[in-house]
Every structure is written in structure tokens, then in C-alpha cells.
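Coordinate inspection notes
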Amino acid sequence: MRPLIVANWKMNTNLSEALILANGVKKAVADLSGLDVVLCPPSLWLVPISEQYGHHQIKHLFLGAQNLFWAPSGAYTGEISATMLTGLVDYAIIGHSERRRLFHETDAEITKKVLLALDAGLKPILCVGELKKPSADLIASPEELNHSQIRQPLEELENVLSHLSSKQREQLIVAYEPVWAISGHGVKTEAAGGHYANQVAKLIKDEAGIDIPVLYGGSVKGDNAGQFLSQENINGLLVGGASLKVNEFSSILKSAV
Ligand code: PGA
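Bear in mind the structure is a predicted one, so any value in this text is a computation, not a measurement.

What the eight strands build is a closed barrel, ordered β1-β2-β3-β4-β5-β6-β7-β8; its pairing is parallel. Across the sheet, the mean angle from the axis of one strand to that of its neighbour is 25°, orientation sign disregarded. As paired strands, strand β1 (residues 4-8) and strand β8 (residues 236-239) are joined by four bridges and run parallel to one another. Bridge pairing in β8 links Leu-4 to Gly-236. Sheet strands in contact with helix α7 (residues 151-161) are β5 (123-128) and β6 (173-176), and its direction is about 145° off that of β5. Against the sheet, helix α11 (residues 246-255) touches β1, β2 (36-40) and β8, its axis set at about 160° to β1.

Next comes the structure, spelled out in C-alpha cells:
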């Protein structure tokens, strides 16, 4: 499996910053091979960025949406459907913890979004993760970790998987993002340990019953990316804050090759 590195810009950048950043990422990706990179800017910047990339698109650089809506079309002011994204993006982040917590998205809505994304030919990146930081002992000795200690991400996954056919399961990408490790909400965060994340990724693959790609996300930076990418069960990264700085993001990309 080629490593997959996803940049989630969240609600950051104005148009000119977005174009400069997208160009910087393109240059960094052009120098590398053996990995896939997905850029998820704010949805308003998808069209200008894809126009800027134009016909000189790099094969292993893709665009993704940060979200989409759970109905195919209709009277849903302000929302963006999966079919509107078709042709513009290849991937869609679904069920990010910020959407779950700040916008009260439920597993039922998230399941609908995954199904609509699949119908529209998009690859869903389903985010799951526990809210509460486990004990330092468990993080330090994750071999002990079992289903009952890490229920939340596994239940979030199972609640979606139970509605998917085996063919649809094969299209799913899971991003394991412990909520306590995600930066940007005024609390100082630190990434989960590589071994701990690897053990959760293993439980996720067991739950899925197939070798589903599992990304790690939460305070990934240039100096810790390798710690996750070297793990057997981790197939890539979902990067928030550090994807807004070209140099930092390039150093993450270099760890993947
Ligand atoms: P972070 O965000 O890298 O800033 O912690 C990751 C994410 O929320 O996807």
C-alpha cells in the first residue's frame, strides 16, 4: 500500500494564501514518488486550485473535500452534495471529530455521507477516534490494548461498516484521530505514541475484517511523522495544522518516501 498523506486545511486561508500554499505543495509533491497526497482546502478554493493545477496535474496529487452533506440534493441551504464534488475531487473526509462535536453529526448521518460519497465515485476518509486520553500506562504499553479499552473508534467504525457491502468496505479509508491529540482548540496537545496508534490501527483492521487503509491524525509534524509511518498497521497520515506551512508539510511528505 502506498502511503497516503492527507492535508486538512480546515477553515483557514484566504484565496491568495490558498493558491500560494497549493502551488508550494504541488512543487513539493512533484519531487517525490511512491506516495499519494490529498489536499483538502476549504471547499470554496477547490475550483480555483484545480484551475491553477490545470492540465499540469501531478498524478499522485489529488484534491479532497473536508465534508459533504448527507442528502443527495434539495432544500438544504449552504450545503454541498457528493455529486457536486464529482469531477472536482477524488476523496472526501467524512465524520471528522470537529463535525461530530461542533455540528453534532451522528453515526447515522455519517453513514449516509459515506454511502453518497461511494455512489458518487469518491473515496471516503472516515474519521474515528476516542475523546478521552487513555492512561499513560496504556499509551506506554499498548500491547495490552483491547476492544473494551478503546471502544469509541471501533464503535464509530462498526456503526458505518454495518451498512456497507463487502465491496463498499474495500473502498473505505479510515483515519484514526484520537480527539485528545488534535490541535487547534486552545488546548496544548501532543500526538499519540506511534506504538499506541499502531495498536489501535490493528484493532481497526481486525474490526473491518480486511486490510483497510488506516491513517493516523492528531498533532502530526515534520519531526514525529516518521514515528507513525514506520508502523506496520499505519498506512498514512491526516495532517491539520502542519499542512498549512509548506516547509513543515514537505518534511512530513519526505518521511513517507
Ligand atoms: P492537527 O489536526 O494535525 O492540527 O492535530 C488533525 C485533524 O484534525 O485532522
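So, on to the environment of Ala-28. Along the chain, the position of Ala-28 falls in helix α1 (residues 15-30). Sequence spacing of Ala-28 and Leu-253 is 225 residues, and the spatial spacing of their C-alpha atoms is 8.1 Å. For Ala-28, the residues in contact, after removing those within four places along its chain, are Ser-250 and Leu-253.

With five of five residues buried, strand β3 (residues 61-65) is to be regarded as a mostly interior element. Burial of β3 is two-sided: the residues Leu-61, Leu-63 and Ala-65 facing one way and the residues Phe-62 and Gly-64 facing the other way are all buried. Of the strand pairs in this sheet, β3 and strand β4 (residues 91-94) are connected by two bridges, and their pairing is parallel. Bridging from a neighbouring strand, Gly-64 pairs with Tyr-91 of β4.

Between side chains of opposite charge, a pair can form as their charged atoms come close. The full count for this structure, using the stated rule, is 10 salt bridges. The closest approach of N and O atoms between Glu-190 and Lys-133, which form a salt bridge, is 3.8 Å. Note that Glu-190 is positioned in the loop between β6 and α9 (194-208) and Lys-133 in the loop between β5 and α6 (136-140), a separation of 57 residues in sequence. Overall, Lys-133 belongs to the partly exposed group, its relative accessible area being 40%. We note a salt bridge from Lys-205 to Asp-211, for which the minimum N-O separation is 2.8 Å. Taking the relative accessible area as the measure of exposure, Asp-211 reaches 54% and is therefore exposed. Where salt bridges share partners, they join Arg-99, Glu-105 and Lys-113 into one cluster.

The next point concerns the environment of His-185. By secondary structure assignment, the location of His-185 is in the loop between β6 and α9. The class of His-185 is partly exposed, set by a relative accessible area of 42%. For the pair formed by His-185 and Ser-165, sequence separation is 20 residues and the distance between their alpha carbons is 36 Å. Setting aside chain neighbours within four positions, we find His-185 in contact with Glu-98, Arg-101 and Leu-102.

As a further point, take the nonpolar core. Counting 73 residues, the largest nonpolar core has Ile-5, Ile-204, Tyr-216 and Leu-237 as the members making the most contacts within it. For this core, the element with the most residues is α9, which contributes seven residues. If we ignore the near neighbours within four places in the chain, the residues touching Ile-204 are Val-128, Leu-154, Leu-157, Val-174, Tyr-176, Ile-212 and Val-214. Ranked by size, the runner-up nonpolar core spans 13 residues in total, among them Cys-40, Phe-62, Ile-173 and Ala-175.

Definitions and cut-offs
- Throughout this document, residue positions are counted from 1 along each chain, in the order its sequence is written.
- Residue-level local features of this predicted model are given only where pLDDT is at least 70; pairs of side-chain atoms are given and counted only at 80 or more, and the full residue set underlies all totals for whole chains, interfaces and linings.
- Hydrogens are left out, water is left out, and the side-chain values use all remaining heavy atoms of the structure.
- Note on pairing: two strands pair once DSSP finds at least 2 bridges between them.
- Counting from the N terminus, the helices are the DSSP runs of H or I reaching at least four residues and the strands are the DSSP runs of E reaching at least two.
- Every angle, taken between N-to-C directions, lies between 0 and 180 degrees, and every axis is a line fitted to C-alpha atoms, over only the stretch in contact when it is a helix.
- Residue contacts are defined here by distance: any two heavy atoms, one from each residue, within 4.5 Å place the two residues in contact.
- Residue burial is assigned from relative accessible area. The probe radius is 1.4 Å, only protein chains are included, and a residue is buried under 20% of its type maximum, exposed over 50%, and partly exposed in between.
- Salt bridge, as used here, is a side-chain nitrogen of Lys or Arg placed within 4 Å of a carboxyl oxygen of Asp or Glu.
- By nonpolar core is meant a set of buried Ala, Val, Leu, Ile, Met, Phe, Trp, Tyr and Cys residues that side-chain atoms within 4.5 Å join together.

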